[in-house]
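Observations on chain architecture
Here is what each chain is made of, one letter per residue.
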Amino acid sequence: MLEILEKLSSKLQPFRKLTYIVAVLLIAVIVAQVLQTSLPTQSTDPTAMLSFVGLIWLLLFNILLSLFHNLPKNDEVSQGVFTRAKIKLQRSLYHLLALLFIGLTLVIVFLSVRMLRI
């Protein structure tokens, strides 16, 4: 599971700066929509909701790019006992983060479907 996330993260690294630009644009759209409406609870324009969902997905994408880019390699031959234990501990924490990432992805999919009423 970690290897798949690491490969995906390394392949998508060139898009990292693009995600920052798109996130700033989406935040600008959300702020413009909030400032434009007279009653914030009664917005009829769906662009703010789409921007909010897009921003959530961009944040999840950026988490993927940030967390799983540099995983410690599991090399058990040439290192000492404490180094191997440290690497195993780090990799187990990355496994936990991967499970949290997958759970967060499922929650965001559910929220996206509910927010967009698909």
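Look up a bit, the structure's there.
Note that the coordinates shown come from a computational prediction; the quantities given were computed from them, not determined experimentally. (Residues numbered from 1 in each chain as written. Predicted model: local features only at pLDDT ≥ 70, side-chain atom pairs only at ≥ 80, totals over all residues. Heavy atoms only, no water.)

Description of the nonpolar core
Counting residues in each nonpolar core, the largest one holds 12 residues, listed as Leu 2, Leu 5, Leu 12, Leu 60, Leu 64, Leu 65, Phe 68, Leu 71, Tyr 94, Ala 98, Phe 101 and Ile 108. Those elements giving two or more residues to this core turn out to be helix 1 (2–11), helix 3 (47–67) and helix 4 (81–116). With four residues, the single largest contributor to this core is helix 4. For Tyr 94, the residues in contact, after removing those within four places along its chain, are Leu 2, Leu 67, Phe 68, Asn 70, Leu 71 and Pro 72. Ranked by size, the runner-up nonpolar core spans five residues in total, among them Ala 23, Leu 26, Ile 30 and Leu 58. (Core = buried A, V, L, I, M, F, W, Y, C linked by side-chain atoms within 4.5 Å. Buried < 20%, exposed > 50% of the residue type's maximum accessible area, 1.4 Å probe, protein only. Helix = DSSP H or I, 4+ residues; strand = E, 2+ residues; numbered from the N terminus. Contact = heavy atoms within 4.5 Å.)

A word on the pattern of salt bridges
When the charged atoms of two side chains with opposite charge come close together, those side chains can pair. This structure, assessed with the given rule, holds two salt bridges. In this structure, Glu 3 engages Arg 91 in a salt bridge whose closest nitrogen and oxygen atoms are separated by 2.9 Å. Of the two residues, Glu 3 sits in helix 1 while Arg 91 sits in helix 4, which places them 88 residues apart along the sequence. Given the relative accessible area of 41%, Glu 3 is considered partly exposed. Note on Arg 91: relative accessible area 12%, which makes it buried. In this structure, Lys 73 engages Glu 6 in a salt bridge whose closest nitrogen and oxygen atoms are separated by 3.1 Å. (Salt bridge = Lys/Arg side-chain N within 4 Å of Asp/Glu carboxyl O.)

Focus on the packing of helix 2 (residues 16–36) against helix 3
Between helix 2 and helix 3, the least distance of the axes is 9 Å, while the angle of their chain directions is 155°. As far as their axial angle goes, helix 3 and helix 2 are roughly antiparallel. Both helix 2 and helix 3 take part in a crossing whose hand is left-handed. Facing helix 2, whose interface residues are Arg 16, Thr 19, Tyr 20, Val 22, Ala 23, Leu 26, Ile 27, Val 29, Ile 30 and Gln 33, helix 3 presents Thr 47, Ala 48, Ser 51, Phe 52, Gly 54, Leu 55, Leu 58, Phe 61, Asn 62, Leu 65 and Ser 66. (Axes fitted to C-alpha atoms, helices over the stretch in contact; angles between N-to-C directions. Parallel < 35°, antiparallel > 145°, perpendicular 65-115°, else oblique. Left-handed = near helix turned anticlockwise from the far one by under 90°.)

Remarks on the packing of aromatic side chains
Overall, the coordinates contain one aromatic pair when judged by the stated rule. Geometrically, the ring pair formed by Phe 68 and Phe 101 is edge-to-face, given 5.8 Å between the ring centres and 70° between the ring planes. In this pair, Phe 68 is assigned in the loop between helix 3 and helix 4 and Phe 101 in helix 4, connecting sequence segments 33 residues apart. For the residue pair Phe 68 and Phe 101, the accessibility class agrees, reading buried in each case. (Phe/Tyr/Trp six-rings, centres within 6.5 Å; stacked < 30°, edge-to-face > 60°.)

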